[in-house]
Amino acid sequence: MSASLLLEERMSLAMHAVALYLRVTTKPGSSTAERAQDRMHKPKGSAQPPATLSRRHNVSERRVGGFACWTVLPRGNTAARGAVYLHGGAYTGEITKQHWALIGALADDAGSRCRSTA
């Protein structure tokens, strides 16, 4: 068996172990229809991008259909391309710092304008 196949197998086993652990130790917010409804109706946290993103990027906000729409550009560069980023769970949970970090990386690595709704 090749080393890469063994590594993939181990990673898969590790991921299964993590999934099992989370299922046993937590009650997911969407485990029942009632829990999902409750979660969707709870107030969301702040959608503001973290200050660290604004230090390295040009960040602007505009409202589109009542929703915040953020544009992130690499600071000091013009963007030749664009990307739209929609984070998973957007209807049930707020955008997180990890999402913002990914948006910043997309803007940097691709030299693109990234747009996201929060």
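Just so it is clear, the structure is predicted and the values come from calculations on it, not from any experiment. (Residues numbered from 1 in each chain as written. Predicted model: local features only at pLDDT ≥ 70, side-chain atom pairs only at ≥ 80, totals over all residues. Heavy atoms only, no water.)

(A) Geometry of the overall build of the chain. The secondary structure content of the chain amounts to four helices and four strands. In the chain, the succession of helices and strands from N to C terminus is α-α-α-β-β-β-α-β. When burial is assessed residue by residue, the chain has 19% of its 118 residues classed as buried. Of all intrachain contacts in the chain linking residues separated by at least 6 positions in sequence, the fraction that spans at least 24 positions is 54%. Carbon together with sulfur atoms contributes 59% to the accessible area of the chain, which is approximately 8600 Å² in total. (Helix = DSSP H or I, 4+ residues; strand = E, 2+ residues; numbered from the N terminus. Buried < 20%, exposed > 50% of the residue type's maximum accessible area, 1.4 Å probe, protein only. Contact = heavy atoms within 4.5 Å. Areas by Shrake-Rupley, 256 points an atom, 1.4 Å probe, with all protein chains shown as cover.)

(B) Layout of helix 4 (residues 97-110). Its 14 residues place the ends of helix 4 20 Å apart at the C-alpha level, agreeing with the 20 Å of an ideal helix rising 1.5 Å per residue. Considered for burial, the residues of helix 4 that qualify are His99, Trp100, Ile103, Gly104 and Ala107. All buried residues of helix 4 project into a common sector of 140 degrees when viewed along the axis, lining one side. Exposed and facing more than 90 degrees away from the buried side of helix 4 are Gln98 and Asp109. In the segment just after helix 4, Gly111 is the residue with positive phi, at about 60 degrees. (Expected span 1.5 Å × (residues − 1). Arc of directions from axis to C-beta.)

(C) Expanded view of the nonpolar core. Core analysis: the largest hydrophobic core is formed by nine residues, namely Leu53, Ala68, Trp70, Val72, Tyr85, Ile95, Trp100, Ile103 and Ala107. Within the residue set of this core, elements represented by two or more residues are strand 2 (67-74) and helix 4. (Core = buried A, V, L, I, M, F, W, Y, C linked by side-chain atoms within 4.5 Å.)

(D) Region of interest: the environment of Ala80. Looking at the secondary structure, you find Ala80 in the loop between strand 2 and strand 3 (81-85). Residue class for Ala80 comes out exposed when judged on its relative accessible area of 75%.

(E) Spotlight on the packing of aromatic side chains. On inspection of all chains with the given rule, the structure shows one aromatic pair. Judged by centre distance (5.9 Å) and plane angle (85 degrees), the ring pair of Trp70 and Trp100 falls under edge-to-face. In this pair, Trp70 is assigned in strand 2 and Trp100 in helix 4, connecting sequence segments 30 residues apart. Considered together, Trp70 and Trp100 belong to a single accessibility category, that of buried residues. (Phe/Tyr/Trp six-rings, centres within 6.5 Å; stacked < 30°, edge-to-face > 60°.)

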